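# Topology and contacts: notes
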Amino acid sequence: NQQKAWGMDVPSNSNGAAYADLDNDGDLDLVVNNINKTAFVYQNQADKQLRHRYLQVKLEGLGQNTAGIGAKVTLYKGGKQQYQEQMPTRGYQSSVAPVLHFGLGRNEAVDSLRVVWQSGKQQVLRELKANQLLTLQEQSAASPYSHPKAGTPAFAETKSPVSFAHQKSNVNDFKRQPLLVNPLSFGGPSMAKADVNGDGLEDVFVGGAAGQAGALFLQQAGGRFSLKKVGAFEADKMSEDAHAAFFDANQDGKPDLYVGSGGYGNYMPEDALLQDRLYLNDGRGNFTKSTNALPRMLTSTSCVRAADINGDGYEDLFVGGRVIPGRYPEAPRSYVLLNDGAGRFKDRTAAVAPELQRIGMVTDAAWHDLDGDKKQELVVVGEWMPVTVLKNTNGKLGKDTGRYFDRPYSGFWNKLLVGDFNQDGRADLVVGNLGANSQIRASEKEPAELYYKDFDDNGSVDPILCFYIKGRSYPYVTRDELLDQMSVMRTRFPSYESYADATLQNIFSKQDIETAGRLSANYLRTAYFEGGVNGKFKERSLPAEAQYSPVYAIASLDYNKDGRQDLLLLGNMNQARLRFGKYDANHGVLLEGRGSGEFVYVPQGKSGLRLKGDARSVLQVSNTLLVGMNQQDVKAYKLK
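Sequence order sets the numbering: in each chain, residues are counted from 1 along the sequence as written. Where totals are concerned, whole chains, interfaces and linings use all residues; where local detail is concerned, this predicted model gives features only for residues with pLDDT of at least 70, and gives and counts side-chain atom pairs only at 80 or more. Where side-chain values are given, they derive from all heavy atoms of the structure, hydrogens and water being excluded.

### A short note on the overall build of the chain
Under the convention used in this document: Only DSSP runs of H or I reaching four residues or more are called helices, and only runs of E reaching two or more are called strands; each is numbered from the N terminus. Each residue is placed in one exposure class: buried if its accessible area under a 1.4 Å probe, protein chains only, is under 20% of its type's maximum, exposed if it is over 50%, and partly exposed if it falls in between. By definition in these notes, contact holds between two residues if any of their heavy atoms fall within 4.5 Å. For accessible areas, the Shrake-Rupley method is used with a probe of radius 1.4 Å. Any residue's cover is judged against the shown protein chains and nothing else. Within this scheme the basic residues Lys and Arg register as positive and the acidic residues Asp and Glu register as negative, but His and the chain ends are omitted. Working definition for charges: the position is that of NZ of Lys, CZ of Arg, CG of Asp or CD of Glu.
Counting its regular elements, the chain contains nine helices and 44 strands. Viewed in the frame of its principal axes, the chain has a C-alpha envelope of about 85 × 70 × 50 Å. Buried residues in the chain amount to 51% of all 640 residues. A fraction of 56% describes how many contacts in the chain between residues 6 or more apart in sequence connect residues 24 or more apart. For the chain, the accessible area works out to roughly 30,000 Å², and carbon and sulfur atoms hold 48% of it. Both charge centroids of the chain, one from 74 positive and one from 74 negative side chains, sit 3 Å from each other.

Structure, rendered in C-alpha cells:
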C-alpha cells in the first residue's frame, strides 16, 4: 500500500476525482473533490523522478462533437500497442481532461498511431516523436476504416445431442443457515460417460435434481443420442444426483453405475434420501438397482472414485462426504468401501483409513500413482481443506501430504484434475478454487477463518466467517445478520456504531472462542501444481482469467491439435450471498498449453465459448463438449 508514500493519507469523504496534466509537464495530476472540505490537488512528480516519455493526443471532431467523443486511438510500438477511447466522463459528475495521454516509458518515438472517428473514417500517422501534444482533426481523415475479419473460433455452439434440462429450484440455503459462507444446493447436474450397451459408442448419464430422475442417453450412429428410460432412476428421483461414475462393480465386464446422493436445503442430517445407489448393468444398457450392494450411508456426498485399494483385483471405492445438511461446516462422514468381488461393498473406513472418516467437507478426489510404486495414492480436496495426499501402504491409507507439498494449501477447493501438462512424465494437479475475484482475501500470514459452534444454545450451528482487513481480522457478518441468528447479541450491540469495529474477541467470550471449531483457508486461487523431480508439487501461476470466478468443472483437451494438453475451466456461482454478489465472470475459460507447464488465455472471440450461468460438469464425446449447467439445458460446443 503506497498511500502514505504518495501523500494520499489525509482522511476525507471524497465523491469525485479527475486527472489532467495541469502543469503541462507530461504526467497526469490528480484532483479529488471532497464533501465539506477543500478539494485535493496532487501534483505528479513522475517527470522528475522517472524521466519517462509521453505522447498526448487532442481530438477535434466535426459538427457538434468538438471533442471527438467516441473516437478510438491505437498506438503501436515494437509489436505492442496501447488503446484508448475518447470518453472523458468518470463516475458521477466528474470528467477528466479531453486529451488522451499515452505513457511511452523510455521510447523516444512510436511506430504509428491510428485514429478511428465516429464517422467511420480513419487516419494513420507514422514515426511520431515522443513528448509532444498532437492535435488531430476529423476533417483530415480521408480513408474509411474496415474492421479486420475475425478468425474462425475454436468452438461453435451447437444444439445439444443430449436433450436434458436440469430442473429449476427455488431453494434458499441462507434460510436454513443464515450465516452460510456459500450456497450448497446447486452442485448439479453431474455427468458420466461409458459404453453401456457394448456397441463401441460412448453413452452419457446426466444426474437429476431433487424430484427429477437422472437420464441415460445412448449414442447412435452419426453422433445422435436417444433417451433410454430406466425405471430404477425414476424410482429414486427424490434423491439429488450429486455425482456419478461408471465402473465394473461385479466383475462381469460391463460398466455399472454408482450415483451419489447429495444436496443440502431439502434434506435432514440423516435423511433416507441421502443414501447412495448402485445400479447394475446387464450389458445392454438396462440398469437395475442393487439394494444390498452398499452399506448405510446417510451422508450428502460429493464424489466417488474407484481403485483397487487392497490388491485383490476388485475395484474399491472412496466416497467423499460434502456436508451435513443444516450443520455446516461440521465434517460429514467419508467412506472407504471394499468390494467383495460380487458387487457388494463393506464400509471399512475405520480399519483402512481412519483419517478419512471425518477429513472435512470433501468436494473431489482422484487416485494416481504419484511415487511410482505401482500403488495409487489418493488426493483429496474440499472446502476449508488443504490439498491432501494419502499413501497406500499394504492396503491402508495414511496421510502423506508433507512428502508432496512444502506447505499446506488450504482453500475453497471445488474440482481436481490430474494430468501431465508439462510432458515430463510426472503427474501435475489442476485444482479449481474460489478465485481471486472475491471480497474474501486469504494468505499464509492472514488466513480466512471460520469459527463455528452453537453460540446461543438454540440447537443450530453458527458459522462466523472472519478475514483480515488492513492487518486485523474482522467477522464478515453484519450486525443485522448476527442479530437475526443470535438475538441475545441485541443488548451487547444496541447500535451499528457499537458493532462497527468489533472483532471476534469483542463479540464472543474467550471460552466461547476456545471451545468453538476453527477452520482456515490460506489460498483461494485456482491452482496448477507441477510435479517436480524431487517428488514435490510446485505452484505455478495460471493466467488472471482463471481467477475471475469460482471453478467447478475442469477438462483437459488438445483443442488446436498441437500435441499439448490445454485446459478448459468452467464455473460461476449465481446464488452467492447478496453482499458477495454474483460470481458470473466465467463464460468458459480456455487455456492453451505450451507443453512446458505454461498456459495462455485464449480470448472468448477466439475460443467461441459463450456460456452464461453456473457450469457444474463437462464431458468430451468425440469432438463435442457437453456442459452440464445448473438449472439449464445441457449445452454443447463442437470443436472445429
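### Remarks on the UniProt feature "domain: ASPIC/UnbV" (unreviewed entry) in the chain
Applied cut-off: UniProt positions are given in the numbering used here, feature names are shortened, and annotations may be inferred rather than shown by experiment.
According to UniProt, the positions carrying the feature "domain: ASPIC/UnbV" (unreviewed entry) are residues 68-135. In this annotation, residues 68-135 is assigned 0% helix and 59% strand; the end-to-end C-alpha distance for the span is 11 Å.

### Describing unusual backbone geometry
Geometrically, the link from Gly188 to Pro189 is a cis peptide bond, its omega value of 5 degrees lying close to zero. Secondary-structure assignment places Pro189 in the loop between helix H2 (173-176) and strand E13 (191-194). Between Tyr328 and Pro329 the backbone carries a cis peptide bond, its omega angle lying at 5 degrees. With respect to the helices and strands, the residue Pro329 is situated in the loop between strand E22 (316-323) and strand E23 (335-339). The residue Ser622 is not glycine, and still its phi comes out positive at about 55 degrees. In this structure, Gln631 takes a positive phi of about 60 degrees despite not being glycine. Within the secondary structure, Gln631 is located in the loop between strand E43 (624-629) and strand E44 (635-639). The exposure class of Gln631 is buried, given its relative accessible area of 12%.

### A closer look at the nonpolar core
For clarity, the cut-off: Only buried residues count toward a nonpolar core. Its members are Ala, Val, Leu, Ile, Met, Phe, Trp, Tyr and Cys residues joined through side-chain atoms within 4.5 Å.
With 27 residues, the main nonpolar core has Val181, Tyr328, Trp384, Phe412, Ile440 and Leu465 as its most contacted residues. Looking at which element gives the most residues to this core, the answer is strand E32 (residues 448-453), with three residues. The residues touching Phe412, leaving out its near neighbours within four places in the chain, are Val181, Asn182, Gly382, Glu383, Trp384, Gly432, Asn433, Leu434, Ile440, Ala521, Tyr523 and Leu524.

### Quick look at the side chain of Thr363
Here is the rule: Here a polar contact means two N or O atoms within 3.5 Å. Within protein one must be a hydrogen donor candidate and the other an acceptor candidate, and residues neighboring in sequence count only if both atoms are side-chain atoms.
Relative to the assigned elements, Thr363 resides in strand E25 (residues 361-368). Here Trp413 takes part through its backbone oxygen, which lies 2.8 Å from a polar atom of the side chain of Thr363. The contact partners of Thr363, leaving out residues within four places of it in the chain, are Ser302, Cys303, Arg322, Val381, Gly382, Glu383, Trp413 and Asn414.

### Here's the deal with the packing of aromatic side chains
Using the following cut-off: Each Phe, Tyr or Trp ring (for Trp, its six-membered ring) is paired with any other whose centre lies within 6.5 Å, and the angle between the two planes then decides the class: stacked below 30 degrees, edge-to-face above 60, tilted in between. For a lysine, the NZ atom is tested; for an arginine, the CZ atom; a charge sits over a ring if that atom is within 6 Å of the ring centre and within 35 degrees of the ring normal.
Applying the stated criterion across every chain yields a total of 22 aromatic pairs. Centre to centre, the rings of Trp413 and Tyr523 are 6.0 Å apart; their planes meet at 25 degrees, and the pair counts as stacked. Separated by 110 residues along the polypeptide, Trp413 in the loop between strand E29 (410-412) and strand E30 (415-419) and Tyr523 in the loop between strand E35 (517-521) and strand E36 (527-531) bring together distant segments of the chain. Between Phe493 and Tyr499, the ring centres sit 5.2 Å apart and the planes meet at 85 degrees, which makes this aromatic pair edge-to-face. What makes Tyr499 buried here is its relative accessible area of 8%. Three or more aromatic residues link up through ring pairs in this structure, and these residues are Tyr404, Phe405, Tyr409, Trp413, Tyr523, Phe529 and Phe537. Above the face of the Tyr409 ring, Arg407 is positioned so that its terminal group lies 4.1 Å from the ring centre.

### With respect to the sheet that holds E30
The line we're drawing: Here the rule is simple: two strands pair whenever DSSP picks up at least two bridges between them. The angle between two axes is taken between their N-to-C directions and runs from 0 to 180 degrees, where each axis is a line fitted to C-alpha atoms and a helix contributes only its stretch in contact.
The strand order E30-E31-E36-E37 describes an open sheet built from four strands, whose pairing is antiparallel. The open sheet terminates on both sides in strands that have one partner only, identified here as E30 and strand E37 (537-540). Each strand of the sheet is rotated relative to its neighbour by a mean of 25 degrees, with strand direction disregarded.

### Structural notes on the sheet that holds strand E7 (residues 99-105)
As summarised here, the arrangement of the three strands in space is E7-E4-E10, forming an open sheet in which the pairing is mixed. Because the sheet does not close on itself, it has two edges, and the strands there are E7 and strand E10 (132-137). Taking the axes of each pair of neighbouring strands and ignoring which way they run, one obtains an average angle of 20 degrees across the sheet. Two elements, strand E4 (residues 53-60) and E7, share six bridges in a ladder whose sense is antiparallel. When the sheet's bridge partners are listed, Lys58 is paired in E7 with Val99.

### Description of the environment of Asp584
Among the structural elements, Asp584 can be located in the loop between strand E39 (566-571) and strand E40 (589-593). Between the C-alpha atoms of Asp584 and Tyr548, which are 36 residues apart in sequence, the distance is 8.3 Å.

### Some details on the pattern of salt bridges
Basically, it comes down to this: For this analysis, a salt bridge means a side-chain nitrogen from Lys or Arg found within 4 Å of a carboxyl oxygen belonging to Asp or Glu.
This model, assessed by the stated rule, comprises 32 salt bridges. Note that Lys536 is salt-bridged to Asp406, the shortest N-O span being 3.5 Å. Residue Lys536 is found in the loop between E36 and E37, and its partner Asp406 is found in the loop between strand E28 (396-399) and E29; the two are separated by 130 residues along the sequence. Given the relative accessible area of 21%, Lys536 is considered partly exposed. Here Arg577 ties to Glu481 by a salt bridge, and the two come within 2.8 Å at their closest N and O atoms. Residue Arg577 is located in the loop between E39 and E40, and its partner Glu481 is located in helix H5 (residues 479-485); the two are separated by 96 residues in the primary sequence. There is no split in this pair, since Arg577 and Glu481 are both buried. Three or more residues joined by partner-sharing salt bridges are found here, namely Asp371, Asp373, Glu377, Lys391, Asp400 and Arg403.

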